Amino acid sequence: MRADLSGVFCAAATPVLEDYSADAKRLAAHCRQLLKDGCRGIALLGSTGEANSFSVSERMALLEAIVADGIAPDRLLPGTGVCALPDTVALTRHALSLGVSTVVMLPPFYYKGVSDDGLVDAYSYVIDRVNDPRLRVVLYHIPPISQIPIPDAVISTLIARYGQVIAGVKDSSGDLEHMAGLAETFPGLSIFAGADPLMLPLLERGGAGCITATSNLAAAQLRRIFDDRGNPDAKIAVQVAQARVVAVRTISSRFPQIPSIKAMIARRYGDDGWCALRHPFRSLSTEQRQIIGALLDELDADERASA
């Protein structure tokens, strides 16, 4: 595991305006709050951030705006992997030009059933053309969505070819054994859980932390888990934090997750503007938002009663 790349990273949601353009001001304010909550950094424009619903130029403009608003580039891990490799190159070069060094990179995901050699060729195309010694890549393994897994053989070949450029893997397979296997097989890489409840057991097996959606809402609890997991005096506090993380994640999965995460952020800030999404997503109905609100109220009440 890379010591300089570990901790709680939020897969931040992207607020949008009435015209469906990205709302950089809301997002920058959210990033500041997440850092205050304890996030090591912010993974912008990933799956939770609806990245693949934004054009290359929109993604570039949003990243520029966030940096201009005062969010330090070294706290950002933007997603740059798209289907067209020249666009991945352009997004990655642009991030580096702003002072960002670490990106989260999907494989090209439209064509299915591609070979290991084809995946190596795709990542090599990008890294060779970016050609910047500052670049660090977190490979994004999310087969439930992309349908393109990143096999160990591909990771091994890329490490042999590019060394420290390959910095880690975000594993959103949902399979703890796969995550732990990566941590064991590649001890020099930072392996991140893509599901919040799995961060604790992954940390116990050599993982580096998480890059997750529920950290939009439970970053403080995740940070407590990260910091205190090995402290016997904090065992109960860690258990309480883990229970909160699991409960919030469960609530966020009651309805479609990205609209739910946005509705929960809206509730957190008292700002209904957060409920808007890019097509093809639709905001939760009033009834669905009320159900989520009631579940969160019940969770809060139970925690107060047991405190």
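Residues numbered from 1 in each chain as written. Predicted model: local features only at pLDDT ≥ 70, side-chain atom pairs only at ≥ 80, totals over all residues. Heavy atoms only, no water.

## Observations concerning a nonpolar patch on the surface
Convention followed: Note that patches include only residues with greater than 30% relative accessible area and no salt bridge, and the join distances are 9 Å for like charges and 5 Å for nonpolar side chains (Val, Leu, Ile, Met, Phe, Trp, Tyr). The Shrake-Rupley method, run with a 1.4 Å probe sphere, supplies the accessible areas, and residue values consider only the shown protein chains as cover. We define a salt bridge as a contact between a side-chain nitrogen of Lys or Arg and a carboxyl oxygen of Asp or Glu at a distance within 4 Å. Starting at the N terminus, helices and strands are each numbered in turn, a helix being any DSSP run of H or I of at least four residues and a strand any DSSP run of E of at least two.
Among the surface-exposed residues, Tyr 110, Tyr 111 and Val 114 lie close enough to one another that they form a single nonpolar patch of about 380 Å² accessible area. Within the fold, Tyr 111 resides in the loop between strand S3 (102–105) and helix H4 (116–130).

## Here's the deal with the pairing of S3
Let me state the cut-off plainly: Any residue under 20% of the maximum accessible area for its type is buried, any over 50% is exposed, and the rest in between are partly exposed; the area is computed with a 1.4 Å probe on protein chains only. Two strands are said to pair when DSSP picks up at least two bridges between them. When the strands point away from the viewer, a crossover counts as right-handed if the path from the first strand over the helix to the second runs clockwise.
Here S3 shows two buried faces, one formed by Thr 102 and Val 104 and the other by Val 103 and Met 105. Pairing of S3 with strand S4 (residues 136–141), which is carried by 4 bridges, proceeds in the parallel orientation. When the bridges of S4 are listed, Val 104 appears paired with Val 138. Each parallel crossover has a hand, and the one from S3 via H4 to S4 is right-handed.

## A word on the packing of helix H9 (residues 215–228) against helix H10 (residues 235–252)
As a reminder, the rule being used: Working convention: axes come from line fits to C-alpha atoms, limited for helices to the stretch in contact. Angles between N-to-C directions cover 0 to 180 degrees. Two helices cross in a left-handed way if the nearer one is turned anticlockwise from the farther one by less than a right angle. They cross in a right-handed way if the turn is clockwise. Contacts are assigned to residue pairs with any non-hydrogen atoms lying within 4.5 Å of each other. Here the term charged refers only to Asp, Glu, Lys and Arg, the term nonpolar to Ala, Val, Leu, Ile, Met, Phe, Trp, Tyr, Cys and Pro, and the term polar to all other amino acids, Gly among them.
At a closest axis distance of 9 Å, the pairing of H9 and H10 adopts a crossing angle of 145°. Considering the relative orientation of H9 and H10, their crossing is left-handed. Residues Leu 217, Ala 218, Gln 221, Leu 222, Arg 224, Ile 225 and Asp 228 of H9 touch H10, and the partners they reach there are Ala 237, Val 238, Ala 241, Gln 242, Arg 244, Val 245 and Val 248. Classifying every residue of the contact of H9 with H10 by side-chain character gives 9 nonpolar, 2 polar and 3 charged.

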